[in-house]
Each structure stands twice: as C-alpha cells, then as structure tokens.
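Examining the three-dimensional arrangement
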Amino acid sequence: MSASARTALLGLVLACALASPSGSQAGEPPLFALTAADTFLASPLHHLPSEDAIDSLGTRLKLVQLDAAQRARLSDFVHEEESRCGGYFSFSSRAEALDFLARDLSLQAILAPPTLAYTLDNQATVAPWLAQVSEPVIRATIAHLSSYQNRYYQSTHGLNAALWIRDTWLALGNGRSDVHVELFNCSNCSTQPSVILTIDGAELPEEIVVLGGHLDSIRSGAYGNPEQFAPGADDDASGIATLTEVIRIALAQGWKPRRTVKFMGYAAEEVGLRGSAAIAASHSSAGAQVVGVLQLDMTNYRSGVPHHVQFLTDFVNGPLRGFSYQLFDSYLAPLGLVRKDLACGYACSDHASWTSHGFPAVMASEAGDTDDDFFPYLHSANDTLAYVGGTADSSIPFAQFALAFLGELAKTSAPPNDVFINGFESDP
Ligand code: BES
Ligand code: ZN
C-alpha cells in the first residue's frame with residue numbers, strides 16, 4: 001500500500017471514528033437492507049439473523065433488518081477494513097425487498113445492446129461547450145451547498161438545500177417553455193425531495209437521457225441526527241455543482257436537444273439509494289425509454305496522480321461504458337486528460353438503482369493514485385472545499401465529460417428548414 005493510500009485509509013478510519021454509533025438517534029425504525037453477502041459476513045454484524053438472496057447477476061446478497069446504529073457499523077466496517085465503499089438498498093419492509101429482487105433486471109441492464117446508434121458527430125455543439133466550463137462557477141456552487149450544516153435527508157437543512165437546487169436550476173431554465181423543474185418526493189425519503197430538470201426533446205421526446213448525482217450528505221456514525229455536521233463538499237456537492245455547470249452551459253445559448261434530457265439531484269442516497277430507486281421505479285412502471293444514464297458521485301478530489309476520471313466497471317452497462325471511453329478519448333484525451341477503471345461494489349451509488357431497473361447506466365468518479373486510495377474525509381466533518389485546496393479544478397474534466405455525454409447522446413435538434421433572416425426566407 002502506498003504512503004498516500006495509508007494516509008487515506010487512516011483518514012477514513014478517523015472520519016468514521018469521529019462520530020460514534022452511540023450518537024445515533026432513533027430517527028427511524030429498523031429497515032431492511034439488501035447488501036453484498038461477503039461484506040455482511042465479514043462484518044461485525046455477521047451474527048445477526050439474515051436471509052440469503054441473489055440478484056440476476058448472481059451476486060450473493062443478504063437481506064437483513066438493521067437499525068440506524070447497525071447500518072453505521074456496517075458502513076464503517078467496509079470503509080475501515082476493506083477501504084472501499086459498501087452499499088445497500090434500503091426497504092421499509094421485507095416484502096418490498098423481495099419484490100425488488102423478484103423484479104431485478106441488473107443482468108439485462110449490464111448486457112443490453114444500445115437502443116440508439118452511438119455516434120460521435122456532434123462536435124459542432126460539444127467542442128465550444130468544453131471551453132466554457134468555469135472553475136469559479138463550479139466552486140461557488142460547491143461552496144454554497146457545503147455551507148449547509150448538512151444535507152441529511154431527514155433535516156430541514158437537507159430540505160432547504162434541495163429547494164435551493166430547484167430554484168437555481170429553475171433560474172437557469174430562464175422561463176423556457178420546454179424546460180421544467182420539479183420536486184420528486186419518495187415514500188422513504190422523509191422530507192427531502194429529489195430535484196429534476198427536464199429539457200423536452202424536440203424530435204425524439206420519448207427517448208430520455210439522464211445525468212444525475214445525489215444531493216444529500218451524511219456524517220459517518222451520526223445516522224438519524226438532523227443537526228449532524230456533514231458539509232459533503234466532495235460527496236456529493238461536487239457532483240451537483242458539476243451538473244449545474246453542465247445545465248448552465250447547455251442552456252446559455254438556447255440549445256435544443258433532439259432527445260429529452262433529465263438532470264437529477266437524488267434525495268437520500270446515503271441511506272440506501274432511496275431517491276434514485278423511487279425515480280427509476282417510476283420510469284420503469286411508466287415504460288419510459290431511458291437510453292442512457294450518467295451518475296456523477298464525487299468529482300473534486302485528486303491526489304496528484306496522472307488520472308483525472310475514473311469509470312466504474314461493475315453494475316454498469318457494457319456498451320454505454322464503451323461509448324463513454326470513446327467520448328473521453330475523442331474529447332478529453334486531446335486536452336491531456338487521462339482515465340482509469342475501478343469496481344465500486346454492490347449498490348455504491350445511484351447508478352445501481354437504474355441498473356437494477358434494467359436501464360443502461362454508467363458512473364464516473366474521482367481517481368485516487370491507487371485503487372484503495374479514495375477521498376480520506378468521506379462522510380466526515382472535514383469533507384470541505386478547503387480540504388481540496390479551495391478549488392474546483394478537479395471537477396472540470398467531469399463537467400467536460402458530462403457535456404460530451406449530453407451532446408452526443410441527446411444530439412442537437414436541427415434548426416427548422418424555414419429560416420427567416422431579416423424577414424426573408426433563406427435557403428435551408
Ligand atoms: N460517494 C459514495 C460512494 C463512493 C465513494 C463512490 C468513493 C466512489 C468513491 C456514496 O455516497 C456512498 O457513500 N455510498 C455508500 C453506500 C450507500 C448506499 C449507503 C457506500 O458505498 O458505502
Ligand atoms: Zn456519494
């Protein structure tokens with residue numbers, strides 16, 4: 001293990017030790033968690049009664065009833081002992097969890113061939129966008145979002161942060177009739193809504209491209225405490241700030257996509273991917289044609305290494321990941337940017353919600369210098385902008401990648417054939 005990886009691991013241990021599970025509040029009754037069996041069995045919770053389960057990919061899972069303190073111990077164990085993230089889906093009842101598993105479409109989602117032609121032919125739109133990405137703008141959004149005491153799903157701060165994102169995105173829509181912003185409530189997301197900005201597709205409105213990140217934050221061990229200090233600047237104010245910059249640039253000159261585009265800030269990711277699971281379920285039951293999902297979770301930490309963007313390899317769609325590499329190699333590599341791969345683990349972020357509902361999803365995230373080096377202040381009071389030197393530089397490549405993903409998947413609507421210049425009809 002490298003020195004920086006050791007420092008990172010120490011940071012995580014400290015971060016997780018800062019707030020002890022005994023600080024947990026009785027904020028919510030025990031819930032049912034679906035988590036990876038190997039994680040659970042290696043953890044100090046292995047003695048709890050659990051049921052074996054399996055998803056369509058053959059991932060060995062455990063269905064287990066956990067209270068808030070036990071969930072904290074499970075997460076802390078994975079972070080400390082396995083120096084990686086270990087996720088779970090969260091359910092209010094056993095029946096709900098079993099129903100989720102019975103409908104699991106992960107295998108289909110990772111293997112699904114593209115439902116649209118992957119082409120790189122929209123340089124005219126994408127190239128000028130890339131030059132417009134602004135570090136101070138991204139930084140200002142991270143600074144604002146990390147100025148709330150927390151963005152915890154059960155707190156008024158977490159609600160206010162979501163409403164601020166709604167208002168900010170609405171303002172970027174500039175009153176356009178084809179741009180809509182809505183709040184999406186979910187039955188187990190407490191008072192925190194997800195936020196969705198939609199740009200109606202001008203030519204293929206039924207086909208939907210999704211770009212998202214989670215808007216909530218959490219402090220390790222402080223589950224249930226609505227006054228916990230959890231700035232979440234990197235996790236995941238950086239992802240929301242990156243998306244906000246993409247929205248700003250795409251809408252600045254009145255861009256109209258051929259396909260419908262939805263930008264999403266998900267509620268309650270940190271407590272079991274709840275907002276995204278509800279949204280993916282609703283798209284599934286509506287029979288929506290979601291042609292590609294990009295998840296941005298943690299974009300603003302680098303440890304002085306050659307890599308800028310990390311693509312996650314598990315629980316993502318293969319062809320869309322391949323297309324993401326093509327996008328990166330054509331648009332970002334010429335700017336001197338470098339990518340790498342890493343597996344994330346079961347249910348580590350919101351892309352997993354889309355995958356389990358059968359939709360093609362990919363996820364990009366910041367890269368450490370080794371595979372077990374990740375942001376040392378994850379889920380701690382030190383997840384601040386100051387920790388990364390007060391800059392949003394590391395987020396710039398993510399905004400550029402997301403713009404390329406947006407422009408080449410949603411495409412630019414051709415202007416109407418009849419173009420009037422100075423009152424005279426010109427030749428198309
Ligand atoms: N942002 C993290 C996941 C992550 C960490 C991605 C490091 C890439 C690099 C995410 O918000 C998180 O904390 N996930 C939890 C699982 C969740 C379902 C409780 C995790 O992985 O422990
Ligand atoms: Zn996150």
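Remember, it's a predicted structure, so these values are computed and weren't measured experimentally. (Residues numbered from 1 in each chain as written. Chains lettered and ligands numbered in written order. Predicted model: local features only at pLDDT ≥ 70, side-chain atom pairs only at ≥ 80, totals over all residues. Heavy atoms only, no water.)

Details of the coordination of the zinc ion (ligand 2)
Listed as protein donors to the zinc ion (ligand 2) are His214 (NE2), Asp235 (OD), Asp297 (OD) and Asp297 (OD); their distances from the metal cover 1.9 to 2.5 Å. Coordination geometry of the zinc ion (ligand 2): the six donor atoms subtend angles of 55 to 170° at the metal centre, consistent with an arrangement described as irregular. In primary-sequence terms, the residues that donate to the zinc ion (ligand 2) follow H-x20-D-x61-D. In this pair, His214 sits in strand β7 (residues 204-214) while Asp235 sits in helix α9 (residues 233-252), placing the two residues 21 residues apart along the sequence. (Donors = N, O, S within 2.8 Å, 3.2 Å for Na, K, Ca; no water. Tetrahedral: all angles 85-135°; square planar, octahedral: opposite > 155°, others 65-115°. Helix = DSSP H or I, 4+ residues; strand = E, 2+ residues; numbered from the N terminus.)

Details of the packing of helix α8 (residues 156-173) against α9
How two helices pack is summed up by the angle between their axes together with the distance between the axes. Running from N to C, α8 and α9 cross one another at 15°; their axes reach a closest spacing of 9 Å. The orientation of α8 with respect to α9, classified from their angle, is roughly parallel. In terms of crossing hand, the pair formed by α8 and α9 is right-handed. Side by side, α8 and α9 meet where Ile165, Thr168, Trp169, Leu172 and Gly173 of the first sit next to Ile240, Leu243, Thr244, Ile247, Arg248 and Leu251 of the second. (Axes fitted to C-alpha atoms, helices over the stretch in contact; angles between N-to-C directions. Parallel < 35°, antiparallel > 145°, perpendicular 65-115°, else oblique. Left-handed = near helix turned anticlockwise from the far one by under 90°. Contact = heavy atoms within 4.5 Å.)

Quick word on the nonpolar core
In this structure, Trp169, Leu211, Phe263, Phe405 and Leu406 are the most contacted members of the largest nonpolar core, which totals 67 residues. Per element, the largest residue contribution to this core is 11 residues, and it comes from helix α13 (residues 396-410). In contact with Phe405, other than residues within four places in its own chain, are Val209, Val210, Leu211, Gly292, Val293, Leu294, Leu320, Ser324, Leu327, Val362 and Ala410. Within the second largest apolar cluster, 20 residues are counted, among which are Phe40, Leu66, Ala68 and Ala268. (Core = buried A, V, L, I, M, F, W, Y, C linked by side-chain atoms within 4.5 Å. Buried < 20%, exposed > 50% of the residue type's maximum accessible area, 1.4 Å probe, protein only.)

Some points on the domain arrangement of the protein chain
The domain boundaries assigned to the protein chain delineate domain 1 (3-104) and domain 2 (109-426). The centre of domain 1, based on its C-alpha atoms, is set 25 Å off from the matching centre of domain 2. (Domains from an automatic or database assignment.)

Quick look at the pattern of salt bridges
Under the defined criterion, the tally for this structure stands at 13 salt bridges. Across the pair Arg103 and Asp99 runs a salt bridge, and its minimum N-O distance is 2.9 Å. In this structure Arg103 comes out as exposed when scored by relative accessible area, which is 57%. Judged by relative accessible area, Asp99 falls into the partly exposed class, the value being 37%. Linking Glu408 and Lys411 is a salt bridge whose minimum nitrogen-to-oxygen distance equals 2.6 Å. There is no split in this pair, since Glu408 and Lys411 are both buried. Salt bridges linked by common partners bring Asp121, Glu408 and Lys411 together as one network. (Salt bridge = Lys/Arg side-chain N within 4 Å of Asp/Glu carboxyl O.)

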